[in-house]
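Here are the chains, one letter per residue:
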Amino acid sequence: MRLYTLLAAAKINLYLEILGDRCDGFHELVMVMQSISLADRVTVRGLNMPMIQLRCDHPQVPTDATNLAYRAAMLLQEKFPDVANKSGGVEITIDKRIPVGAGLAGGSSNGAAALVGLNLLWDLGLTQMELQELGAELGSDVPFCVMGGTAIATGRGEELDPLTGLDSLWVVLAKFETLSVATPWAYKTYRQQFHPTYISASDQSTLAERQARIHSGPMVSAISAKDGAAIGRHLYNDLEKVVLPTHPEVSQLRDAMAAYGGLGTLMTGSGPTIFTLAETQTEAEVIQTQVRSQLAHPSLKFWVAQFSPTGIRLVD
Ligand SMILES: C[C@](O)(CO)[C@H](O)COP(=O)(O)OP(=O)(O)OC[C@H]1O[C@@H](n2ccc(N)nc2=O)[C@H](O)[C@@H]1O
Ligand SMILES: Nc1ncnc2c1ncn2[C@@H]1O[C@H](COP(=O)(O)OP(=O)(O)OP(=O)(O)O)[C@@H](O)[C@H]1O
């Protein structure tokens, strides 16, 4: 039976601004997203029986129909019943390296890898754009995980404009192993505390006002200029306003990371992972060692990764 193995990259948010509250229950965003080399390994293998099987030995990852990779397979079977039935079933195996519930889009990236892998396994012939559109039905971060690299993401996160990124940068990531943040909680709490403007899709004046309030320009210019120091200066995430006050230990971790140099420090997505950017691998490793020895917390885990130009990558 045919088998494809894919690397599914984590993402960090270099910029996340909440522009408003939408009528579909989501928030209108402007983000700058970046793939990094920290990745899960996802294997899709053809089965003779018409079934979906999912294996993952990480205790926090479901292996049923709530897993985003499983949902990706169900979505393709539903959209292309003839092809999927003729081709048989699939066994999806996830070797988890990306921490779970960390703001690094691990589940979304697994969903994206399943879409890319099954497109090959079932000879569906879908383009990357078609895979991104299907990905949007699974979750807001999935289209970016399919595209990878560096991109501006708008709408609820699914409208993407690729940027030429700065692949040489390094990143130190730190997360308390025992703490996860649920994305719906972070957005709901932001809505309750900050009352973002209500955005109606048909209200053009609100759209104009909204565009006037976007502050992502300096970050996009810094990326276009491939200026690592400026990228570090313009890191921004509105969700820090709710996650950091609720979790003082994450706030303390952020302060410690920022104190040891690097180009800049931020919480990614809905957290609670904190990252610091660095020019070189050596600089990243020094920051990691210093923060680890200062905080010396048994459940604090670190990763060093590099910016990556790809999201989902086929490996031998
Ligand atoms: C925090 C980020 O990871 C930053 O990239 C994303 O915005 C979240 O993306 P995601 O996990 O793929 O989110 P989804 O699975 O689409 O939505 C999870 C929940 O997050 C909230 N949500 C998500 C995206 C968005 N633009 N507005 C929202 O309010 C909604 O409550 C939604 O029910
Ligand atoms: N393949 C998967 N890997 C990890 N978690 C998954 C997966 N599929 C579904 N989940 C569920 O999604 C929840 C969030 O996990 P995930 O690691 O994707 O969070 P996250 O990195 O904060 O996501 P995001 O940054 O997209 O908001 C988990 O607690 C788990 O129940």
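Structural data are supplied above this passage.
Attention in this report is confined to the structure presented alongside it. (Residues numbered from 1 in each chain as written. Chains lettered and ligands numbered in written order. Predicted model: local features only at pLDDT ≥ 70, side-chain atom pairs only at ≥ 80, totals over all residues. Heavy atoms only, no water.)

**A closer look at the site of ligand 2**
Here comes step 1: Taken together, 22 residues are adjacent to ligand 2, and Gly101, Gly107, Asn110, Asp141 and Thr183 come closest.
Here comes step 2: Within the side chain of Asn67, an N or O atom sits 3.0 Å from a nitrogen atom of ligand 2.
Here comes step 3: Here an oxygen atom of ligand 2 and a side-chain polar atom of Ser108 are 3.4 Å apart.
Here comes step 4: Relative to its unbound accessible surface of 610 Å², ligand 2 loses 79% to contact with the protein.
Here comes step 5: Of the residues that constitute the shell around ligand 2, the class distribution is nine nonpolar, ten polar and three charged. (Near = heavy atom within 4 Å. Polar contact = N/O pair within 3.5 Å; in protein donor to acceptor, adjacent residues only side chain to side chain. Areas by Shrake-Rupley, 256 points an atom, 1.4 Å probe, with all protein chains shown as cover. Nonpolar A, V, L, I, M, F, W, Y, C, P; charged D, E, K, R; others polar.)

**Observations regarding unusual backbone geometry**
Most of the time, phi is negative for any residue but glycine, and the peptide bond is trans.
Here comes step 1: With an omega of 5°, the peptide bond between Gly271 and Pro272 qualifies as cis.
Here comes step 2: Relative to the helices and strands, Pro272 resides in the loop between strand 10 (264–267) and strand 11 (274–278).
Here comes step 3: Positive phi is not limited to glycine here, since Lys226 has a value of about 50°.
Here comes step 4: Among the structural elements, Lys226 can be located in the loop between helix 8 (217–224) and helix 9 (228–233).
Here comes step 5: Given the relative accessible area of 42%, Lys226 is considered partly exposed.
Here comes step 6: In this model, Ala296 sits at a positive phi of 40°, which is unusual for a non-glycine residue.
Here comes step 7: Considering the arrangement of structural elements, one finds Ala296 in the loop between helix 12 (281–295) and strand 12 (300–306).
Here comes step 8: According to the relative accessible area criterion, Ala296 is exposed, its value standing at 58%. (Helix = DSSP H or I, 4+ residues; strand = E, 2+ residues; numbered from the N terminus. Buried < 20%, exposed > 50% of the residue type's maximum accessible area, 1.4 Å probe, protein only.)

**Focus: helix 11 (residues 248–259)**
Here comes step 1: The first and last C-alpha atoms of helix 11 sit 16 Å apart over twelve residues, in line with the 16 Å expected at 1.5 Å per residue.
Here comes step 2: Among all positions in helix 11, only Val250, Leu253, Arg254, Ala256 and Met257 are buried. All buried residues of helix 11 fall inside an arc of 165° around its axis, so they share one side. Structural note: helix 11 exposes Pro248, Asp255 and Ala259 on the side pointing more than 90 degrees away from its buried face.
Here comes step 3: Immediately downstream of helix 11, the backbone of Gly261 shows phi near 85°, a positive value. (Expected span 1.5 Å × (residues − 1). Arc of directions from axis to C-beta.)

**Observations concerning the pattern of salt bridges**
Here comes step 1: Here the structure, examined in full by the defined rule, presents 13 salt bridges.
Here comes step 2: For Lys241, the salt bridge is made with Asp238, and the minimal N-O distance between the two is 2.8 Å.
Here comes step 3: A relative accessible area of 36% means that Lys241 is categorised as partly exposed.
Here comes step 4: Among the ionic pairs, Arg254 bridges to Glu240, the shortest N-O distance being 2.8 Å. Taken as a pair, Arg254 in helix 11 and Glu240 in helix 10 (residues 240–246) lie far apart in primary sequence, 14 residues in all. The same class applies to Arg254 and to Glu240, which are both buried. (Salt bridge = Lys/Arg side-chain N within 4 Å of Asp/Glu carboxyl O.)

**Details of the packing of aromatic side chains**
Here comes step 1: One pass over the full model with this rule turns up two aromatic pairs.
Here comes step 2: When the centroid spacing of 5.7 Å and the interplanar angle of 40° are considered together, the rings of Tyr15 and Tyr236 count as tilted. On the criterion of sequence distance, the pair formed by Tyr15 in strand 1 (residues 3–22) and Tyr236 in strand 9 (residues 236–237) is long-range, its members being 221 residues apart.
Here comes step 3: Residue Tyr236 is classed as partly exposed on the basis of its relative accessible area, which comes to 31%.
Here comes step 4: Here the basic side chain of Arg156 rests over the ring of Phe26, its NZ or CZ set 5.1 Å away from the ring centre.
Here comes step 5: Lys241 extends its terminal NZ or CZ atom over the ring of Phe194, reaching a point 5.4 Å from the ring centre. (Phe/Tyr/Trp six-rings, centres within 6.5 Å; stacked < 30°, edge-to-face > 60°. Lys NZ or Arg CZ within 6 Å of the ring centre and 35° of its normal.)

**Notes on the sheet that holds strand 10**
Here comes step 1: On the basis of which strands lie adjacent, the open sheet formed by four strands has the order 10-11-7-12 and antiparallel pairing. Only two strands of the sheet have a single neighbouring strand rather than two, namely strand 10 and strand 12. Each adjacent strand pair in this sheet contributes to an overall mean axis angle of 20°, direction not counted.
Here comes step 2: When strand 7 (residues 170–176) meets strand 11, the two strands line up antiparallel, connected through five bridges. (Pairing = 2+ DSSP bridges. Axes fitted to C-alpha atoms, helices over the stretch in contact; angles between N-to-C directions.)

**Quick notes on the site of ligand 1**
Here comes step 1: In the neighbourhood of ligand 1, 19 residues make up the surrounding shell, with His27, Ser140, Asp141, Arg156 and Tyr187 lying closest.
Here comes step 2: For ligand 1, an oxygen atom lies 3.2 Å from a polar atom in the side chain of Lys11.
Here comes step 3: Asn13 has a polar side-chain atom sitting 3.0 Å from an oxygen atom of ligand 1.
Here comes step 4: Surface burial for ligand 1 is 82%, taken as the share of its 640 Å² of free accessible area covered by protein chains.
Here comes step 5: Secondary structure elements with two or more residues in the shell around ligand 1: strand 1, strand 2 (27–47) and helix 6 (183–194).
Here comes step 6: The element contributing the most residues to the shell around ligand 1 is strand 2, with four residues.
Here comes step 7: Classifying every residue of the shell around ligand 1 gives seven nonpolar, nine polar and three charged.
Here comes step 8: A domain split of the shell around ligand 1 shows at least three residues from each of domain 1 (3–163 + 310–315) and domain 2 (170–306). (Domains from an automatic or database assignment.)

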